[in-house]
Amino acid sequence: QKEVEQDPGPLSVPEGAIVSLNCTYSNSAFQYFMWYRQYSRKGPELLMYTYSSGNKEDGRFTAQVDKSSKYISLFIRDSQPCDSATYLCAMWGGGGGSNYKLTFGKGTLLTVNP
Amino acid sequence: GAVVSQHPSRVICKSGTSVKIECRSLDFQATTMFWYRQFPKQSLMLMATSNEGSKATYEQGVEKDKFLINHASLTLSTLTVTSAHPEDSSFYICSALDRPGRSSYNEQFFGPGTRLTVL
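Residues numbered from 1 in each chain as written. Chains lettered and ligands numbered in written order. Predicted model: local features only at pLDDT ≥ 70, side-chain atom pairs only at ≥ 80, totals over all residues. Heavy atoms only, no water.

Draft legend 1. View of the overall build of chain A. Regarding its fold elements, chain A presents zero helices and 11 strands. Seen in sequence order, chain A has helices and strands lined up from the N terminus as β-β-β-β-β-β-β-β-β-β-β. In terms of overall dimensions, chain A is globule-like: its C-alpha atoms have a radius of gyration of 14 Å, near the 13 Å expected for 114 residues. Each principal axis of the C-alpha distribution contributes one length, and for chain A these read about 45 × 30 × 25 Å. Across the 114 residues that make up chain A, the buried fraction comes to 42%. In chain A, the share of contacts with a sequence separation of at least 24, taken over all contacts with a separation of at least 6, comes to 55%. When the accessible surface of chain A is totalled, it reaches about 5400 Å², and 47% of it is carbon and sulfur. For chain A, the distance from the average site of its 11 positive side-chain charges to the average site of its 10 negative ones is 8 Å. (Helix = DSSP H or I, 4+ residues; strand = E, 2+ residues; numbered from the N terminus. Rg over C-alpha atoms; globule rule 2.2 N^0.38 Å. Buried < 20%, exposed > 50% of the residue type's maximum accessible area, 1.4 Å probe, protein only. Contact = heavy atoms within 4.5 Å. Areas by Shrake-Rupley, 256 points an atom, 1.4 Å probe, with all protein chains shown as cover. Lys, Arg positive; Asp, Glu negative; His and termini not counted. Charge placed at Lys NZ, Arg CZ, Asp CG, Glu CD.)

Draft legend 2. Looking closely at the packing of aromatic side chains. Under the definition given, this model contains 11 aromatic pairs over all chains. A centroid spacing of 5.6 Å and a plane angle of 40° characterise the contact between B:Y36 and B:F110, whose relative ring orientation is tilted. On the criterion of sequence distance, the pair formed by B:Y36 in strand β4 (residues 32-38) and B:F110 in strand β10 (residues 108-110) is long-range, its members being 74 residues apart. Taken as a pair, B:Y36 and B:F110 share a single burial class, namely buried. Here the aromatic residues A:Y36, A:F104, B:Y36 and B:F110 are joined through ring pairs into a cluster of three or more. Residue placement shows A:K56 over the ring face of A:Y49; its charged tip is 4.1 Å from the ring centre. The positively charged end of B:K66 is found above the aromatic ring belonging to B:F67, 6.0 Å away from the centroid. (Phe/Tyr/Trp six-rings, centres within 6.5 Å; stacked < 30°, edge-to-face > 60°. Lys NZ or Arg CZ within 6 Å of the ring centre and 35° of its normal.)

Draft legend 3. Unusual backbone geometry, seen in detail. Residue A:P10 is bonded to the preceding A:G9 through a cis peptide linkage, with omega at 10°. In this fold, A:P10 is placed in the loop between β1 (4-6) and β2 (11-14). For the bond from B:H7 to B:P8, the omega torsion is 0°, close enough to zero to count as cis. Among the structural elements, B:P8 can be located in the loop between β1 (4-7) and β2 (10-13). You will see that A:D78, though not glycine, has its phi angle at about 45°, which is positive. Structurally, the position occupied by A:D78 is in the loop between β8 (71-76) and β9 (85-92).

Draft legend 4. Expanded view of the nonpolar core. Formed by 26 residues in total, the largest nonpolar core has its most connected members in B:V4, B:F28, B:W35, B:F67, B:L79, B:Y92 and B:L116. Residues contacting B:L116, with those up to four places away along its chain left out, are B:V11, B:C13, B:V19, B:V81, B:D88, B:S89, B:S90 and B:Y92. Core analysis: the second largest hydrophobic core is formed by 24 residues, A:L21, A:F33, A:V65 and A:A85 among them. (Core = buried A, V, L, I, M, F, W, Y, C linked by side-chain atoms within 4.5 Å.)

Draft legend 5. Examining the pairing of strand β11 (residues 108-113) of chain A more closely. Residues and elements named next belong to chain A. In β11, alternate side chains face the same way, and those of T108, L110 and V112 are buried while those of L109, T111 and N113 on the opposite face are not. Direction of pairing for β9 relative to β11: antiparallel, over a ladder of three bridges. Along β11, the bridge assignment pairs T86 with L109. (Pairing = 2+ DSSP bridges.)

Draft legend 6. Broad picture of the pattern of salt bridges. Counted according to the given criterion, the structure contains six salt bridges over all chains. One salt bridge connects A:E45 with A:R37, and the closest N-O pair in it is separated by 3.1 Å. Overall, the relative accessible area of 34% leaves A:E45 in the partly exposed class. Here B:D88 and B:K66 are joined by a salt bridge, their closest N and O atoms 2.9 Å apart. With B:D88 in the loop between β8 (76-81) and β9 (90-97) and B:K66 in the loop between β6 (57-58) and β7 (67-73), this pair connects stretches of sequence that are 22 residues apart. There is no split in this pair, since B:D88 and B:K66 are both buried. (Salt bridge = Lys/Arg side-chain N within 4 Å of Asp/Glu carboxyl O.)

Structural data, given as structure tokens:
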């Protein structure tokens, strides 16, 4: 079993739809949960991060973490064509020291159709 | 947010040649940088962790003699793919860690990537 599982899609939705993206993980040591957006042929950019369980909202984006189920989600409300990208979840156990390695999911390719 | 640049953005080379990719943090100092490789429709695979002034730490399965990493300053890390072969063709991305320990969060900033094609 991989440490982080993410359905690669592709996912195609009409403009204005609510999009739900998710990842599952197996390592209970993960404490920080991030979502990155990556446009084609570009580097990833951080959308949101959440520490431990709970919800976090930023504009049209909401991140949820359920550590008991080892399940994280990213919701996009009122999706726009400019949201079309690959969305990668990433996780980190915290603690600092010399270990700042992130563990990434495979990424979900999202297309929002106008 | 902090800016990380990579150069070149794209390179095409012949099999057997060596290619150097630069990763620069433009407006902050990065004691730690990471090098990733990404194949089409695949996730980012960490290749190595680069620490300023010390040897890089390579992930299992990554050949350190083939992928040479030099982190000579707080704003520059380089990855050299030696004797490149077609199977090394990939998208190489670096990230830079903004002052580890400054915040509790591991804030890495990613470069735009370098697409390497080996003929």
